[in-house]
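Chain residues, written in single-letter form:
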Amino acid sequence: MCRHLGYVGPPVAVGELVLRGSHSLYAQSWAPLDMRAGGTVNADGFGVAWWRRAEVGMDGARDAVTRYRNPAPIWTDPAVAEVLGQLESRAVLAAVRSATVGMPIERSACAPFTDDHWAFSHNGVVQEWRTTLPAVLTDLAPLLDPSATASMFLHAEALTDAAALWVVLRALLAAIDPDGPVSSPADALRLLVTTVLRHQPNARVNLLLGNGSELWATTCWHALSVLVTDDYAVLSSEPYDDDPRWRPIADRQLVTASPGHCTITALESPATERVRS
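About the criteria used
Residues numbered from 1 in each chain as written. Predicted model: local features only at pLDDT ≥ 70, side-chain atom pairs only at ≥ 80, totals over all residues. Heavy atoms only, no water. Helix = DSSP H or I, 4+ residues; strand = E, 2+ residues; numbered from the N terminus. Expected span 1.5 Å × (residues − 1). Buried < 20%, exposed > 50% of the residue type's maximum accessible area, 1.4 Å probe, protein only. Contact = heavy atoms within 4.5 Å. Pairing = 2+ DSSP bridges. Salt bridge = Lys/Arg side-chain N within 4 Å of Asp/Glu carboxyl O.

A. Structural view of helix H7 (residues 185-199). Look at H7: 22 Å from first C-alpha to last across 15 residues, which is about the 21 Å you get at 1.5 Å a residue. Taken as a whole, H7 has its buried residues at Pro185, Ala186, Ala188, Leu189, Leu192, Val193, Thr194, Thr195, Val196 and Leu197. On its buried face, H7 sits against strand S6 (118-125), helix H4 (129-140), helix H6 (161-174), strand S7 (204-210), strand S8 (215-219) and strand S12 (253-258).

Spelled out as structure tokens, the structure:
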């Protein structure tokens, strides 16, 4: 359906990361290796988000996220190398898109979707999303701010399943309480995916979330690999090079990654596997 990539580590040129390796995200736009019956190319737009340092003196401020999106194929846009190559960041989240039939091909439909310090991408499809996701929201409503749920989908950027998923996930992230039922971003992703699957068991929901210092992802149908070293962490739909440290993630898993650390948990089980570089 799509390909996406998340990075956290030492500052890198944003464009260089998208172009990195013999099988870069850029190359995966026209030559993906593991689409799993989700299309053949990713030519329906792309987007890149990166985080910039908060201003000195802003007590407790988090890095802010910004983005660049284009509904054209990534290989047609010289800004990837010429402009994004001049920008550096310690965290990047990027995606190339293969639009589901019937969904619009427009800039607002391209991931990443962002808000405050969050960036999000969806690789997959939620069948009958116009009825499925309102049902998901109804199930999750007791966990959310009631004043925000009534017109929540009016705030979706585009008429797509990905944009609607982001609206619900954003509300779950806003409801995080260390002592509550949504205690972390990982909890938010787990609740969203498992609730979607209850209503639509055939949904494909590989989600990728970042906040500038950590990455979270789910695997549900589509591929994902992780590369973690002491210095950096990368989550990618497909490895961008032949580094032997890449590790494929099994289906129905929840991944949390940061430099030197990766936690893999079954989506529907409390059992946890810890992997350290």
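B. Broad picture of the pairing of S6. Along S6, eight of the eight residues are buried, which leaves the element largely enclosed by surrounding structure. Where strand S5 (residues 113-115) and S6 come together, three bridges link them in antiparallel fashion. Across the sheet, the residue bridging to Phe113 is Phe120, located in S6. Of the strand pairs in this sheet, S6 and S7 are connected by seven bridges, and their pairing is antiparallel. By the bridge assignment for S7, Ala119 is matched with Gly210.

C. Quick peek at the pattern of salt bridges. All chains considered together, the criterion is met by eight salt bridges. A salt bridge links Asp34 to Arg36; the shortest N-O distance between them is 3.0 Å. By relative accessible area, which is 26% here, Asp34 ends up partly exposed. The exposure class assigned to Arg36 is partly exposed, which follows from its relative accessible area of 38%. Three or more residues joined by partner-sharing salt bridges are found here, namely Arg67, Arg69 and Glu157.

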